[in-house]
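Examination of the molecular architecture
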Amino acid sequence: MTANTVSTCDLRLDYGTTPVLKGIDIALPAGNTLALLGPSGCGKTTLLRLIAGLLAPSFGQVWIEEELVAGNGIFLPPEKRGLGMVFQDYALWPHLSVAGNVGFPLEMRKIGKAERDRRVIEALRRVELEHLANRSPGALSGGQQQRVAIARAIVAEPRIVLFDEPLSNLDRELRENMVGELASLIRQLGLTAIYVTHDQSEAFTLADQVAIMDHGLIAQLAAPEELIEAPASAKIAEFLRLGTVANMRRTATGWAFGSAQSDHALGPDAPFGHEAQVLISPHSLQACAPEQAVLTGAVKAVQFRDNAYLADIAVTEGADNLVLQIASNSRMRLGERIGLEIVSDCLRWFPAQAGQAP
Ligand SMILES: Nc1ncnc2c1ncn2[C@@H]1O[C@H](COP(=O)(O)OP(=O)(O)OP(=O)(O)O)[C@@H](O)[C@H]1O
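Basis of the calculations
- The residue count restarts for each chain, going from 1 along the sequence in the order it is written.
- Whole-chain, interface and lining totals are the exception, using all residues; otherwise, since this is a predicted model, local features are given only for residues with pLDDT of at least 70 and side-chain atom pairs are given and counted only at 80 or more.
- The C-beta atom of each residue is placed using the backbone, and any residue whose C-beta lies within 6 Å of a molecule or strand is treated as near it.
- Every helix listed is a DSSP run of H or I at least four residues long, and every strand listed is a run of E at least two residues long, numbered separately from the N terminus.
- These domain boundaries are the output of an automatic or database domain assignment.
- At least two DSSP bridges between two strands are required for those strands to pair.
- We call a residue exposed when 12 or fewer other C-beta atoms sit within 10 Å of its C-beta, buried when the count reaches 20 or more, and partly exposed for counts in between; the C-beta positions come from the backbone.
- The score called pLDDT rates the predictor's confidence residue by residue, from a low of 0 to a high of 100.
- The contact criterion used here is simple: two residues whose C-beta atoms, placed from the backbone, lie within 7 Å are in contact.
- Fitting a line to C-alpha atoms yields each axis, with helices limited to the stretch in contact; the angle taken between N-to-C directions then spans 0 to 180 degrees.
- Throughout, the term roughly parallel applies to angles under 35 degrees, roughly antiparallel to angles over 145, roughly perpendicular to angles from 65 to 115, and oblique to all others.
- Each crossing gets its hand from how the near helix is turned against the far one by less than a right angle, where anticlockwise is left-handed and clockwise is right-handed.
- Residue polarity is assigned by list, with Asp, Glu, Lys and Arg as charged and Ala, Val, Leu, Ile, Met, Phe, Trp, Tyr, Cys and Pro as nonpolar; anything else, Gly included, falls into the polar class.
- Each nonpolar core comprises buried Ala, Val, Leu, Ile, Met, Phe, Trp, Tyr and Cys residues, the members being joined through C-beta atoms within 7 Å.

Our focus in this paragraph is the site of the ligand. Lining the immediate environment of the ligand, one finds Tyr15, Val20, Gly38, Ser40, Gly41, Cys42, Gly43, Lys44, Thr45, Thr46 and His198. Take the shell around the ligand: its biggest share by element is 3 residues, from helix α1 (residues 44-52).

Time to look at the domain arrangement of the protein. Looking at the protein, the domain boundaries give domain 1 (4-236) and domain 2 (243-349). Relative placement of domain 1 and domain 2: their C-alpha centres are 40 Å apart.

To continue, consider the sheet that holds strand β4 (residues 59-64). Within the open sheet, the 5 strands sit side by side as β2-β1-β4-β5-β6. Their pairing is antiparallel. This sheet does not close on itself; its edge strands, each paired only once, are β2 (18-29) and β6 (74-75). One ladder, built from 3 bridges, connects β4 with strand β5 (residues 67-71); its direction is antiparallel. Bridging from a neighbouring strand, Ile64 pairs with Glu67 of β5.

On to α1, then. Given 3.6 residues to a turn, an α-helix orients residues that are three or four positions apart in the same direction. For α1, a buried count of 7 out of 9 residues is recorded, marking the element as mostly surrounded by other parts of the structure. Among all positions in α1, only Lys44, Thr46, Leu47, Leu48, Leu50, Ile51 and Ala52 are buried.

A word on the confidence of the model for the protein. Mean pLDDT for the protein: 88, with 96% of residues reaching 70 or above. With pLDDT under 50 throughout, residues 354-358 is counted as low confidence; its partners more than four residues away or in other chains account for 2 contacts. The ipTM value of the predicted complex is 0.97, and its pTM value is 0.87.

Turning our attention to the sheet that holds strand β15 (residues 275-280). Sheet strands pair via backbone hydrogen bonds, and the direction of the pair is either parallel or antiparallel. Read from one edge of the open sheet, 5 strands run β14-β13-β12-β15-β21, paired in antiparallel fashion. Of all the strands in the sheet, the pair left with one neighbour each is β14 (260-262) and β21 (348-349). Here 2 bridges tie β15 to β21, and the two strands are oriented antiparallel to one another. In the sheet register, Leu279 faces β21, and the bridge partner there is Arg348.

What follows deals with the packing of helix α2 (residues 98-108) against helix α3 (residues 113-126). Viewed as axis vectors pointing N to C, α2 and α3 meet at an angle of 125°, and their least axial separation amounts to 9 Å. Relative to α3, the element α2 is oriented oblique. Along this stretch, α2 crosses α3, giving a crossing that reads as right-handed. Between α2 and α3, the residues in contact are Ala99, Val102, Gly103, Leu106 and Glu107 and Arg116, Arg119, Val120, Ala123 and Leu124, respectively. Looking at the contact of α2 with α3, its residues break down into 6 nonpolar, 1 polar and 3 charged.

We now examine the packing of α2 against helix α4 (residues 142-154). Interhelical geometry of α2 versus α4 gives an angle of 30° and a closest axis separation of 7 Å. With respect to α4, the element α2 is oriented roughly parallel. The way α2 lies across α4 gives a crossing that is right-handed. Here α2 contributes Val98, Asn101, Val102, Phe104 and Pro105 to the contact with α4, which in turn contributes Val148, Ala151 and Arg152. In terms of residue class, the contact of α2 with α4 is built from 6 nonpolar, 1 polar and 1 charged.

Attention shifts here to the nonpolar core. Counting residues in hydrophobic clusters, the biggest one holds 88 residues, and the most contacted among them are Leu36, Ala151, Leu162 and Ile194. At 6 residues, the largest contribution of residues to this core is made by α4. Lining this core are residues from two domains, each supplying at least three of them: domain 1 (4-236) and domain 2 (243-349). The residues contacting Ala151, other than those within four sequence positions of it, are Val102, Ala123, Leu124, Arg126, Val127 and Leu129.

Laid out in structure tokens, this is it:
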């Protein structure tokens, strides 16, 4: 079994009387990347800062490679935790050369010049920037600056590298290119990484595991494909924009949904006898002729994503105020009237929330 490099146990943080983290448990195996994903203010950066040692927990523990670094009266400062960090703005010093920036953490550790030079060149070689060692950071592209920041984070050969939204200051095109590059760099270097982002595609490209955070808690921690296949709640499905969440009722012969009724049988996991929340993803809908359909609507918007067209259909008959997304190989015309058929096996049902009537 692979040892966990970072783990937290019931980790909490309060600012005054306001709980910001309410009990976080993670266990990250060596060589894995964990993304912390969630809306603004959910506590991602706070969790990263607790792991880094930039904040002390109100309760709970942080372990790094079997060593307790925070909790039970122990608190190791950042420089004693063996971590590398890459921040949003890279925090490169403009008055130092690329090599000077990368060597700075070693200088702080009072490592001699010869050894320092050797390690700086090695770190720059690993990010393929040794030819720019003497340049000033201001004379580099955004992507190159980011690689300098990574070289600086790995120069002391840390066990773990923490990334706090390292791409958010780049323009969209560069960001998209850099995500893939960063993902392969993390793998090539064999890093164990924790990566804070509020960008889902970034998290899904980079991470082995994604922790979806919500109001100071982890709502679900799973591999990207599992999050898409099996979101744990309607809220997570909505946050990940996996489709439309609606209420549906199983009937004796089929299902009822808004004012629509159908005799098409539902899959075995559909609950009997009461209304339940269901995720209708683009793949659980098929277009059909409007006169044969239980649900019909008009095409409201079309976008091209992941090699297919996604159309928003505003349902006009069968349910009120509902917009459903459907995937198609061809571009539908705006305003076109289409029928929708539900592929019941592809629906995902959510258990009733506590307090919800059965
Ligand atoms: N020094 C502080 N004092 C009081 N409250 C704080 C402090 N720092 C952060 N908070 C609050 O803690 C909560 C979590 O903040 P945090 O920065 O961890 O969120 P985040 O998920 O990283 O958000 P973002 O994506 O916007 O960076 C927020 O409600 C924030 O207002």
